[in-house]
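Structural description and commentary
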Amino acid sequence: MKKKLLALALVGAMVATMLTGCGSASGSGAKKVGIAMPTKSLERWNRDGSYLEEQFKGKGYEVQLTFSDNNINQQVKDIEGLIADEVDLLVIAAIDGESLTQVLADAKEANIPVISYDRLIMNTDAVSYYVSFDNYTVGKLQGEFVRDALDLDNAAGPFNIEFTAGDPADNNAGFFFNGAYDVLRPYIESGKLVVPSGQTEFAQVATESWNTANAMERFQNILGSYYSDGTQLDVALCSNDSTALGVTQAIATDYAGSNAVIITGQDGDEANLANIVDGKQTMTVYKAVANEAVATLDLGVALLSGEKPNADLISKSGWSFDCAYDTSSYDNNTGIIPSYLLVPTVVTKDNIQKELVDTGYYTMENGYPKATN
Ligand code: GAL
(Lines give C-alpha, C1' and ligand atoms only; values in the text may rest on other atoms or scores of the structure.)
Protein backbone atom coordinates (compact mmCIF):
# COMPACT_ATOMS: atom_id res chain seq x y z
CA MET A 1 0.00 0.00 0.00
CA LYS A 2 2.77 2.43 0.96
CA LYS A 3 4.72 1.47 -2.19
CA LYS A 4 1.69 2.22 -4.32
CA LEU A 5 1.34 5.68 -2.75
CA LEU A 6 5.00 6.44 -3.33
CA ALA A 7 4.71 5.40 -6.98
CA LEU A 8 1.65 7.59 -7.38
CA ALA A 9 3.46 10.51 -5.80
CA LEU A 10 6.37 10.02 -8.19
CA VAL A 11 4.05 9.91 -11.21
CA GLY A 12 2.36 13.04 -9.87
CA ALA A 13 5.70 14.83 -9.57
CA MET A 14 6.64 13.80 -13.11
CA VAL A 15 3.34 15.04 -14.53
CA ALA A 16 3.78 18.31 -12.65
CA THR A 17 7.25 18.74 -14.16
CA MET A 18 5.90 18.03 -17.62
CA LEU A 19 3.08 20.52 -17.15
CA THR A 20 5.37 23.32 -16.06
CA GLY A 21 7.61 22.65 -19.06
CA CYS A 22 10.57 20.30 -18.94
CA GLY A 23 13.28 22.94 -18.90
CA SER A 24 12.25 25.31 -16.15
CA ALA A 25 13.87 28.75 -16.06
CA SER A 26 16.10 27.78 -13.19
CA GLY A 27 18.64 25.11 -12.50
CA SER A 28 20.42 23.01 -15.09
CA GLY A 29 17.44 22.83 -17.46
CA ALA A 30 17.30 26.61 -17.97
CA LYS A 31 15.56 27.70 -21.13
CA LYS A 32 17.67 29.47 -23.73
CA VAL A 33 16.97 32.82 -25.32
CA GLY A 34 18.72 33.80 -28.55
CA ILE A 35 19.10 37.54 -29.05
CA ALA A 36 20.21 38.80 -32.47
CA MET A 37 21.18 42.48 -32.63
CA PRO A 38 22.20 44.23 -35.86
CA THR A 39 25.53 45.87 -35.07
CA LYS A 40 27.77 47.30 -32.40
CA SER A 41 28.65 50.26 -34.60
CA LEU A 42 25.44 52.12 -33.71
CA GLU A 43 25.46 52.96 -30.04
CA ARG A 44 21.89 52.11 -29.14
CA TRP A 45 22.15 48.44 -30.12
CA ASN A 46 24.93 47.93 -27.58
CA ARG A 47 22.59 49.26 -24.93
CA ASP A 48 19.70 47.10 -26.21
CA GLY A 49 21.92 44.01 -26.21
CA SER A 50 23.11 44.46 -22.66
CA TYR A 51 19.70 45.43 -21.26
CA LEU A 52 18.05 42.41 -22.89
CA GLU A 53 20.79 40.08 -21.72
CA GLU A 54 20.56 41.45 -18.18
CA GLN A 55 16.76 41.11 -18.10
CA PHE A 56 16.59 37.51 -19.31
CA LYS A 57 19.59 36.36 -17.25
CA GLY A 58 18.01 38.00 -14.21
CA LYS A 59 15.05 35.63 -14.58
CA GLY A 60 17.31 32.58 -14.82
CA TYR A 61 17.37 32.11 -18.58
CA GLU A 62 20.48 31.26 -20.53
CA VAL A 63 21.23 33.95 -23.10
CA GLN A 64 23.08 33.83 -26.39
CA LEU A 65 23.65 37.32 -27.79
CA THR A 66 24.88 38.00 -31.32
CA PHE A 67 25.82 41.20 -33.17
CA SER A 68 26.11 40.88 -36.95
CA ASP A 69 28.20 43.88 -37.99
CA ASN A 70 25.36 45.30 -40.14
CA ASN A 71 26.02 42.39 -42.48
CA ILE A 72 22.83 40.70 -43.68
CA ASN A 73 24.42 37.31 -44.47
CA GLN A 74 26.16 37.34 -41.11
CA GLN A 75 22.85 37.88 -39.32
CA VAL A 76 21.26 34.99 -41.20
CA LYS A 77 24.21 32.80 -40.13
CA ASP A 78 23.98 34.02 -36.55
CA ILE A 79 20.27 33.15 -36.39
CA GLU A 80 20.92 29.74 -38.00
CA GLY A 81 23.47 29.18 -35.23
CA LEU A 82 20.95 30.09 -32.52
CA ILE A 83 18.39 27.70 -34.01
CA ALA A 84 21.03 24.94 -34.18
CA ASP A 85 21.80 25.60 -30.52
CA GLU A 86 18.12 24.93 -29.78
CA VAL A 87 17.18 28.24 -28.26
CA ASP A 88 13.60 28.33 -26.95
CA LEU A 89 12.90 31.94 -27.99
CA LEU A 90 14.35 34.33 -30.57
CA VAL A 91 14.48 38.11 -30.08
CA ILE A 92 15.62 39.74 -33.31
CA ALA A 93 16.37 43.31 -34.40
CA ALA A 94 16.77 42.81 -38.15
CA ILE A 95 19.42 44.49 -40.28
CA ASP A 96 17.29 44.05 -43.37
CA GLY A 97 13.64 43.42 -42.61
CA GLU A 98 13.18 41.46 -45.85
CA SER A 99 16.09 39.02 -45.62
CA LEU A 100 15.07 36.68 -42.83
CA THR A 101 12.18 34.84 -44.47
CA GLN A 102 14.06 31.58 -45.05
CA VAL A 103 15.89 31.37 -41.74
CA LEU A 104 12.71 32.19 -39.84
CA ALA A 105 10.88 29.43 -41.69
CA ASP A 106 13.44 27.15 -40.01
CA ALA A 107 12.68 28.74 -36.64
CA LYS A 108 8.98 28.10 -37.16
CA GLU A 109 9.67 24.52 -38.17
CA ALA A 110 11.58 24.13 -34.87
CA ASN A 111 8.65 25.72 -32.97
CA ILE A 112 10.72 28.64 -31.74
CA PRO A 113 8.63 31.75 -31.13
CA VAL A 114 10.08 34.94 -32.60
CA ILE A 115 9.80 38.46 -31.19
CA SER A 116 10.56 41.13 -33.76
CA TYR A 117 12.48 43.64 -31.68
CA ASP A 118 12.30 47.35 -32.50
CA ARG A 119 12.28 46.80 -36.30
CA LEU A 120 9.50 44.83 -37.94
CA ILE A 121 10.62 41.70 -39.80
CA MET A 122 8.78 41.49 -43.10
CA ASN A 123 7.45 38.65 -45.26
CA THR A 124 7.35 35.89 -42.69
CA ASP A 125 4.57 34.35 -40.65
CA ALA A 126 7.12 33.13 -38.10
CA VAL A 127 7.00 36.42 -36.19
CA SER A 128 4.66 36.16 -33.22
CA TYR A 129 4.87 39.71 -31.84
CA TYR A 130 6.51 43.08 -32.38
CA VAL A 131 7.94 45.21 -29.56
CA SER A 132 8.99 48.74 -30.42
CA PHE A 133 8.37 52.41 -29.87
CA ASP A 134 5.65 54.16 -31.79
CA ASN A 135 7.81 54.81 -34.83
CA TYR A 136 5.45 57.22 -36.60
CA THR A 137 5.29 59.28 -33.41
CA VAL A 138 9.09 59.52 -33.33
CA GLY A 139 8.99 61.34 -36.69
CA LYS A 140 5.94 63.33 -35.69
CA LEU A 141 7.76 64.64 -32.60
CA GLN A 142 10.65 65.77 -34.80
CA GLY A 143 8.28 67.54 -37.21
CA GLU A 144 6.35 69.19 -34.39
CA PHE A 145 9.59 70.32 -32.79
CA VAL A 146 10.60 72.11 -36.00
CA ARG A 147 7.12 73.59 -36.44
CA ASP A 148 7.16 75.01 -32.92
CA ALA A 149 10.81 76.14 -32.93
CA LEU A 150 10.22 78.19 -36.08
CA ASP A 151 6.69 79.15 -35.02
CA LEU A 152 5.56 78.20 -38.50
CA ASP A 153 1.94 79.16 -37.88
CA ASN A 154 2.84 82.78 -37.14
CA ALA A 155 6.30 83.59 -38.48
CA ALA A 156 6.56 85.12 -41.95
CA GLY A 157 9.27 82.77 -43.26
CA PRO A 158 10.19 81.36 -45.63
CA PHE A 159 12.65 78.97 -43.97
CA ASN A 160 14.96 76.49 -45.66
CA ILE A 161 14.99 72.85 -44.63
CA GLU A 162 16.75 69.65 -45.75
CA PHE A 163 15.80 66.08 -44.84
CA THR A 164 18.01 63.10 -43.99
CA ALA A 165 16.28 59.76 -43.44
CA GLY A 166 17.34 56.25 -42.49
CA ASP A 167 18.15 52.91 -44.05
CA PRO A 168 15.64 51.76 -46.70
CA ALA A 169 16.17 48.17 -45.49
CA ASP A 170 14.86 49.16 -42.04
CA ASN A 171 11.07 49.11 -41.94
CA ASN A 172 11.11 51.84 -39.27
CA ALA A 173 12.84 54.37 -41.48
CA GLY A 174 9.77 55.12 -43.60
CA PHE A 175 7.61 55.58 -40.49
CA PHE A 176 10.08 58.11 -39.05
CA PHE A 177 10.29 60.06 -42.31
CA ASN A 178 6.53 60.07 -42.91
CA GLY A 179 5.78 61.06 -39.32
CA ALA A 180 7.97 64.15 -39.69
CA TYR A 181 7.00 64.95 -43.25
CA ASP A 182 3.27 64.74 -42.59
CA VAL A 183 3.58 67.48 -39.95
CA LEU A 184 5.67 69.72 -42.23
CA ARG A 185 3.95 69.02 -45.56
CA PRO A 186 1.34 71.83 -45.28
CA TYR A 187 4.11 74.40 -44.67
CA ILE A 188 6.12 73.06 -47.61
CA GLU A 189 3.03 73.22 -49.80
CA SER A 190 2.26 76.79 -48.74
CA GLY A 191 5.86 77.87 -49.36
CA LYS A 192 6.64 78.77 -45.77
CA LEU A 193 9.18 75.96 -45.72
CA VAL A 194 11.41 75.56 -48.75
CA VAL A 195 13.62 72.59 -49.63
CA PRO A 196 16.35 74.13 -51.83
CA SER A 197 17.73 70.72 -52.92
CA GLY A 198 14.23 69.65 -53.97
CA GLN A 199 14.88 66.30 -52.24
CA THR A 200 11.60 65.49 -50.54
CA GLU A 201 11.13 61.81 -51.36
CA PHE A 202 12.20 59.13 -48.88
CA ALA A 203 14.30 57.38 -51.55
CA GLN A 204 16.23 60.62 -52.21
CA VAL A 205 17.04 61.36 -48.58
CA ALA A 206 17.60 57.80 -47.26
CA THR A 207 20.95 56.80 -45.71
CA GLU A 208 22.21 53.27 -46.29
CA SER A 209 22.98 51.47 -43.01
CA TRP A 210 22.17 54.68 -41.08
CA ASN A 211 25.85 55.36 -41.66
CA THR A 212 27.32 58.62 -40.32
CA ALA A 213 29.87 59.01 -43.14
CA ASN A 214 27.21 58.44 -45.82
CA ALA A 215 24.98 61.10 -44.24
CA MET A 216 27.93 63.50 -44.01
CA GLU A 217 28.95 63.07 -47.67
CA ARG A 218 25.44 63.56 -48.97
CA PHE A 219 25.03 66.67 -46.87
CA GLN A 220 28.37 68.11 -47.98
CA ASN A 221 27.14 67.74 -51.54
CA ILE A 222 23.88 69.46 -50.71
CA LEU A 223 25.67 72.36 -49.00
CA GLY A 224 28.08 72.66 -51.93
CA SER A 225 25.34 72.60 -54.54
CA TYR A 226 22.56 74.66 -52.98
CA TYR A 227 23.99 76.78 -50.15
CA SER A 228 27.43 77.93 -51.31
CA ASP A 229 25.90 81.18 -52.64
CA GLY A 230 25.04 82.24 -49.09
CA THR A 231 21.56 80.68 -48.94
CA GLN A 232 20.66 80.18 -45.26
CA LEU A 233 19.92 76.70 -43.96
CA ASP A 234 17.43 76.84 -41.09
CA VAL A 235 16.70 73.16 -40.41
CA ALA A 236 18.37 69.81 -40.97
CA LEU A 237 15.71 67.28 -40.12
CA CYS A 238 17.56 64.02 -39.41
CA SER A 239 15.74 60.81 -38.56
CA ASN A 240 18.26 59.64 -35.98
CA ASP A 241 21.46 60.46 -34.14
CA SER A 242 23.98 58.58 -36.30
CA THR A 243 22.84 60.52 -39.37
CA ALA A 244 22.56 63.77 -37.37
CA LEU A 245 26.19 63.32 -36.39
CA GLY A 246 27.27 63.24 -40.05
CA VAL A 247 25.08 66.19 -40.94
CA THR A 248 26.43 68.20 -37.99
CA GLN A 249 29.98 67.48 -39.16
CA ALA A 250 29.13 68.55 -42.71
CA ILE A 251 27.64 71.79 -41.41
CA ALA A 252 30.72 72.45 -39.26
CA THR A 253 33.09 72.05 -42.21
CA ASP A 254 31.09 73.01 -45.30
CA TYR A 255 28.39 75.51 -44.36
CA ALA A 256 29.19 79.15 -45.01
CA GLY A 257 26.42 80.60 -42.82
CA SER A 258 26.79 81.45 -39.14
CA ASN A 259 23.22 80.89 -37.89
CA ALA A 260 22.44 78.01 -35.53
CA VAL A 261 20.82 75.35 -37.70
CA ILE A 262 18.02 73.36 -36.02
CA ILE A 263 19.15 69.71 -36.12
CA THR A 264 16.92 66.84 -35.00
CA GLY A 265 17.89 63.30 -34.04
CA GLN A 266 16.77 60.13 -32.30
CA ASP A 267 18.23 57.73 -29.73
CA GLY A 268 20.19 59.82 -27.24
CA ASP A 269 23.60 58.56 -28.35
CA GLU A 270 26.33 59.97 -26.15
CA ALA A 271 28.09 61.89 -28.93
CA ASN A 272 24.80 63.54 -29.85
CA LEU A 273 23.89 64.37 -26.28
CA ALA A 274 27.30 66.04 -25.99
CA ASN A 275 26.46 68.03 -29.13
CA ILE A 276 23.13 69.01 -27.58
CA VAL A 277 24.90 70.21 -24.43
CA ASP A 278 27.32 72.17 -26.66
CA GLY A 279 24.50 73.63 -28.77
CA LYS A 280 25.51 71.81 -31.99
CA GLN A 281 22.40 69.58 -32.18
CA THR A 282 19.01 70.85 -31.08
CA MET A 283 17.06 67.80 -29.99
CA THR A 284 16.92 64.03 -29.97
CA VAL A 285 13.94 61.74 -29.60
CA TYR A 286 14.83 59.47 -26.72
CA LYS A 287 13.65 55.89 -26.57
CA ALA A 288 14.19 54.23 -23.20
CA VAL A 289 15.53 50.92 -24.46
CA ALA A 290 15.80 49.71 -20.87
CA ASN A 291 11.99 49.70 -20.84
CA GLU A 292 11.81 48.10 -24.29
CA ALA A 293 13.89 45.28 -22.81
CA VAL A 294 11.52 44.92 -19.84
CA ALA A 295 8.50 44.69 -22.15
CA THR A 296 10.33 42.10 -24.26
CA LEU A 297 11.19 40.07 -21.18
CA ASP A 298 7.60 39.89 -19.93
CA LEU A 299 6.33 39.06 -23.41
CA GLY A 300 9.08 36.45 -23.81
CA VAL A 301 8.28 34.82 -20.46
CA ALA A 302 4.59 34.63 -21.43
CA LEU A 303 5.43 33.05 -24.80
CA LEU A 304 7.78 30.55 -23.17
CA SER A 305 4.95 29.50 -20.86
CA GLY A 306 2.79 28.82 -23.89
CA GLU A 307 0.52 31.83 -23.39
CA LYS A 308 -0.94 33.96 -26.16
CA PRO A 309 -0.42 37.44 -24.72
CA ASN A 310 -2.62 40.38 -25.68
CA ALA A 311 -3.47 43.77 -24.14
CA ASP A 312 -3.71 42.09 -20.74
CA LEU A 313 0.06 41.67 -20.61
CA ILE A 314 0.35 45.43 -20.03
CA SER A 315 -1.97 45.54 -17.04
CA LYS A 316 -0.70 42.24 -15.62
CA SER A 317 2.96 43.28 -15.83
CA GLY A 318 2.46 46.55 -13.96
CA TRP A 319 5.09 48.39 -15.99
CA SER A 320 6.18 51.81 -14.78
CA PHE A 321 6.12 53.12 -18.37
CA ASP A 322 3.37 53.68 -20.93
CA CYS A 323 2.83 51.09 -23.60
CA ALA A 324 0.04 50.54 -26.13
CA TYR A 325 -1.13 47.20 -27.52
CA ASP A 326 -1.64 47.77 -31.23
CA THR A 327 -3.33 45.36 -33.62
CA SER A 328 -3.69 47.57 -36.67
CA SER A 329 -0.50 49.45 -37.58
CA TYR A 330 2.13 46.85 -38.44
CA ASP A 331 1.43 44.51 -41.33
CA ASN A 332 4.51 42.53 -42.39
CA ASN A 333 2.88 41.33 -45.63
CA THR A 334 1.66 38.12 -44.02
CA GLY A 335 -0.88 39.93 -41.84
CA ILE A 336 -0.95 42.29 -38.89
CA ILE A 337 1.66 41.56 -36.24
CA PRO A 338 0.34 42.36 -32.75
CA SER A 339 2.58 45.06 -31.32
CA TYR A 340 3.58 46.50 -27.97
CA LEU A 341 4.51 50.12 -28.60
CA LEU A 342 6.30 52.28 -26.06
CA VAL A 343 6.26 56.07 -26.01
CA PRO A 344 9.25 58.18 -27.11
CA THR A 345 10.27 61.50 -25.48
CA VAL A 346 11.72 64.74 -26.85
CA VAL A 347 15.05 65.62 -25.22
CA THR A 348 16.68 69.05 -25.49
CA LYS A 349 19.40 70.84 -23.55
CA ASP A 350 16.69 72.07 -21.15
CA ASN A 351 15.38 68.68 -20.04
CA ILE A 352 18.41 66.36 -20.31
CA GLN A 353 18.82 66.41 -16.55
CA LYS A 354 15.16 65.63 -15.85
CA GLU A 355 14.53 63.06 -18.59
CA LEU A 356 17.86 61.25 -18.75
CA VAL A 357 19.82 61.80 -15.55
CA ASP A 358 17.12 62.00 -12.85
CA THR A 359 15.54 58.87 -14.39
CA GLY A 360 18.81 56.99 -13.96
CA TYR A 361 19.42 56.17 -17.66
CA TYR A 362 22.52 58.38 -17.75
CA THR A 363 24.92 59.97 -15.31
CA MET A 364 26.52 63.38 -15.82
CA GLU A 365 30.28 63.15 -16.17
CA ASN A 366 32.22 66.38 -16.63
CA GLY A 367 29.05 68.03 -17.83
CA TYR A 368 28.15 65.38 -20.42
CA PRO A 369 25.67 62.46 -20.15
CA LYS A 370 27.07 58.93 -20.11
CA ALA A 371 24.73 55.92 -20.45
CA THR A 372 24.61 53.85 -17.29
CA ASN A 373 24.99 50.43 -18.93
C1 GAL B 1 16.03 52.14 -36.08
C2 GAL B 1 15.81 52.34 -34.64
C3 GAL B 1 16.35 53.67 -34.26
C4 GAL B 1 17.77 53.87 -34.74
C5 GAL B 1 18.04 53.33 -36.10
C6 GAL B 1 19.50 53.18 -36.38
O7 GAL B 1 15.46 50.98 -36.49
O8 GAL B 1 14.46 52.27 -34.31
O9 GAL B 1 16.24 53.81 -32.88
O10 GAL B 1 18.65 53.36 -33.84
O11 GAL B 1 17.41 52.12 -36.32
O12 GAL B 1 20.05 52.06 -35.81
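**Topic: the domain arrangement of the protein chain**
Its domain assignment divides the protein chain into domain 1 (2-133 + 287-342) and domain 2 (136-266). Taken over C-alpha atoms, the centre of domain 1 sits 35 Å from the centre of domain 2. Listed as interface residues are 13 residues of domain 1 and, on the opposing side, 12 residues of domain 2. Among the residues domain 1 hides against domain 2, the three largest losses belong to Leu42, Arg119 and Lys287. Together they make up 43% of the total. Joining domain 1 to domain 2, the criterion identifies one salt bridge. Residue Asp170 is joined to Arg119 by a salt bridge in which the shortest nitrogen-to-oxygen separation is 2.9 Å. Linking domain 1 to domain 2 there are five residue pairs in polar contact (both at pLDDT 80 or more). Counted by class, the side of domain 1 that touches domain 2 contains six nonpolar, three polar and four charged residues.

**As for the packing of aromatic side chains**
Throughout the structure, instances matching the rule amount to 13 aromatic pairs. Both rings, one in Trp319 and one in Phe321, keep their centres 5.2 Å apart while their planes meet at 10°; by these two values the pair is stacked. Here Phe321 falls in the buried class, since its relative accessible area comes to 12%. Aromatic rings pair up to connect Phe163, Phe177, Tyr181 and Phe202 into one cluster.

Each value, and the rule that gives it
- Residues numbered from 1 in each chain as written.
- Predicted model: local features only at pLDDT ≥ 70, side-chain atom pairs only at ≥ 80, totals over all residues.
- Heavy atoms only, no water.
- Domains from an automatic or database assignment.
- Contact = heavy atoms within 4.5 Å.
- Buried area = accessible area lost by both parts, 1.4 Å probe.
- Salt bridge = Lys/Arg side-chain N within 4 Å of Asp/Glu carboxyl O.
- Polar contact = N/O pair within 3.5 Å; in protein donor to acceptor, adjacent residues only side chain to side chain.
- Nonpolar A, V, L, I, M, F, W, Y, C, P; charged D, E, K, R; others polar.
- Phe/Tyr/Trp six-rings, centres within 6.5 Å; stacked < 30°, edge-to-face > 60°.
- Buried < 20%, exposed > 50% of the residue type's maximum accessible area, 1.4 Å probe, protein only.

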